[in-house]
Amino acid sequence: AICSCDCDCHRNGAEMKPDLTQQTQQEKPARKTLKQWLLEYRLALIVAAVDLLIWIFAPAQAAPVMNNTWDYLIELMVIIIPVTVLMGLFEVWVPKQLIAKYLGHESGWKGILLALLFGAAPTGPLYIAFPIAAMLLKNGASPLNVIILLNAWAAMKIPQLLVEANFLGPSFMLTRLALTMPVTILIGWLIQTGIKRSGGLD
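Residues numbered from 1 in each chain as written. Predicted model: local features only at pLDDT ≥ 70, side-chain atom pairs only at ≥ 80, totals over all residues. Heavy atoms only, no water.

Novice: Explain a nonpolar patch on the surface to me, please; I cannot follow it from the model alone.
Specialist: A grouping of Trp70, Leu73, Ile74, Met77, Val78, Ile81, Val85, Leu86, Leu89, Val92 and Trp93 is seen on the molecular surface, where their side chains present a nonpolar patch of about 1100 Å² in accessible area. Position of Leu73 relative to the elements: it lies in helix H4 (residues 59–93). (Patch = residues over 30% accessible without salt bridge, like charges linked within 9 Å, V, L, I, M, F, W, Y side chains within 5 Å. Areas by Shrake-Rupley, 256 points an atom, 1.4 Å probe, with all protein chains shown as cover. Salt bridge = Lys/Arg side-chain N within 4 Å of Asp/Glu carboxyl O. Helix = DSSP H or I, 4+ residues; strand = E, 2+ residues; numbered from the N terminus.)

Set out below in C-alpha cells:
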C-alpha cells in the first residue's frame, strides 16, 4: 500500500512538473523582433538618419541641426519622465469608475466643462497632453471629452489667454475664445460620433 501510494505521488509529481515548466514559459514576455523594434522606434531612427544625411551632404549646417536635435531630446526627457511617473500614480490612485463618472459618456455638460478646465489649466507643450489623453481614454473617459481636453490644451490655456490679452487686447482674446470653445465641442462630438459609427469604441 505504501509503495502504491508512493508511486502515485511520484507519478503525480512527474505529471505536475511539465505543467509548471509550461506555465513559467508562458509567463515570460515574448522578445520583440527586429521589425517590431524598428517600427516602435521609427521616429527616432528617422531623425537620426536625417541628421546623418545632413552631416554627410551639408556639413556646414550639421552642427546647429544636431545641437537642436540634442536640445529637443533633453527637453523631451526632462518633461516626459515626470509626466510618465505621474500618469502611473494617477492610474493607481484614481479609480476608473471616478474617471468614467466625471469624464465618461454619461458625464454630460459636467464632463465637458471639466475637460475644458483640465485642458486650459496646465502649462507645457502639447505633446505632454497626448499620453495623458490616452490614459484617460483607456480608463473610461469619452472621446468627446478627450478631444475637448486636447483642443483646450492647444488653443485655450489660461497663460496663453493672458499673454494674448496683453498683446492683442482683451476684446480680441474674448472673441477668439467665444469662437474657439463651441468649435472645440463640435469637433469632439463629430469625432466621437464617427468612432461610434465605425465601432471603434463603445
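We are not done yet, so read on.
Novice: What is the right way to look at the side chain of Ser107 in this model?
Specialist: The topology assignment puts Ser107 in the loop between helix H5 (96–103) and helix H6 (108–120). Among the polar contacts made by the side chain of Ser107, one reaches the main-chain carbonyl oxygen of Gly104 at a distance of 2.7 Å. (Polar contact = N/O pair within 3.5 Å; in protein donor to acceptor, adjacent residues only side chain to side chain.)

Novice: What is the right way to look at the confidence of the model for the chain in this model?
Specialist: Any segment with low pLDDT has predicted coordinates that should not be analysed in fine detail. Here the chain averages 82 in pLDDT, while 84% of its residues score no lower than 70. The low-confidence segment residues 13–18, where pLDDT is below 50, has 0 contacts with residues more than four positions distant or belonging to other chains. (pLDDT = per-residue confidence, 0-100. Contact = heavy atoms within 4.5 Å.)

Novice: Explanation requested: the packing of aromatic side chains in the structure shown.
Specialist: The relative placement of two aromatic rings is captured by the distance of their centres and the angle of their planes. What the rule picks out here adds up to 1 aromatic pair. Between the aromatic rings of Trp37 and Tyr41, the centroid separation amounts to 5.3 Å while the plane-to-plane angle is 45°, which identifies the pairing as tilted. For Trp37, a relative accessible area of 40% puts it in the partly exposed group. (Phe/Tyr/Trp six-rings, centres within 6.5 Å; stacked < 30°, edge-to-face > 60°. Buried < 20%, exposed > 50% of the residue type's maximum accessible area, 1.4 Å probe, protein only.)

Novice: How should helix H9 (residues 158–168) be read in this particular structure?
Specialist: Given 3.6 residues per turn, any residue in an α-helix points the same way as the ones three and four places further on. Listed as buried for H9 are Leu161, Glu164 and Ala165. The arc enclosing the buried residues of H9, seen along the axis, measures out at 100°, which places them on a common side. Facing away from the buried side of H9 by over 90 degrees, the exposed positions are Leu162, Asn166 and Phe167. Residues of H9 that are buried in the fold lie against helix H8 (143–155) and helix H10 (170–198). (Arc of directions from axis to C-beta.)

Novice: Just to check I follow, could you spell out the packing of H4 against helix H7 (residues 129–138) for this structure?
Specialist: For any two helices packed against each other, one specifies the inter-axial angle together with the distance between the axes. At their nearest, the axes of H4 and H7 sit 10 Å apart, and the two run at 15° to each other. By the angle between their directions, the pair H4 and H7 is classed as roughly parallel. In this structure, the crossing between H4 and H7 has a hand that is right-handed. Every residue of H7 that contacts H4 at Val83, Met87, Phe90 and Glu91 is listed here: Pro131, Ile132, Met135, Leu136 and Lys138. A class-by-class count of the residues in the contact of H4 with H7 yields 7 nonpolar, no polar and 2 charged. (Axes fitted to C-alpha atoms, helices over the stretch in contact; angles between N-to-C directions. Parallel < 35°, antiparallel > 145°, perpendicular 65-115°, else oblique. Left-handed = near helix turned anticlockwise from the far one by under 90°. Nonpolar A, V, L, I, M, F, W, Y, C, P; charged D, E, K, R; others polar.)

Novice: How should I be thinking about the nonpolar core in this particular structure?
Specialist: The nonpolar side chains of a soluble globular protein tend to be buried with one another. Ile112, Leu116, Leu136, Ala141, Val146 and Ile148 are the most contacted members of the largest nonpolar core, which has 27 residues in total. Among the elements of the structure, H4, H5, H6, H7, H8, H9 and H10 are those that each provide at least two residues to this core. Residue contributions to this core peak at 7 residues, all from H8. The contact partners of Ile148, leaving out residues within four places of it in the chain, are Ile112, Ala115, Leu116, Thr184 and Ile185. (Core = buried A, V, L, I, M, F, W, Y, C linked by side-chain atoms within 4.5 Å.)

Novice: Just to check I follow, could you spell out the environment of Ala133 for this structure?
Specialist: Along the chain, the position of Ala133 falls in helix H7. Owing to a relative accessible area of 4%, Ala133 belongs among the buried residues under this scheme. Note: C-alpha distance between Ala133 and Val146 (13 residues apart in sequence) is 5.8 Å. Ignoring sequence-local partners within four residues, the contact set of Ala133 consists of Val146 and Leu150.

Novice: Would you mind going over the packing of helix H3 (residues 42–57) against H4 with me for this structure?
Specialist: Between H3 and H4, the least distance of the axes is 6 Å, while the angle of their chain directions is 155°. What the angle tells us is that H3 and H4 run roughly antiparallel. When the axes of H3 and H4 are compared, the crossing they make is left-handed. Mapping the contact onto sequence places Val47, Asp51, Ile54, Trp55, Ile56 and Phe57 in H3 and Pro59, Gln61, Ala62, Val65, Met66 and Thr69 in H4. A per-class count over the contact of H3 with H4 returns 9 nonpolar, 2 polar and 1 charged.

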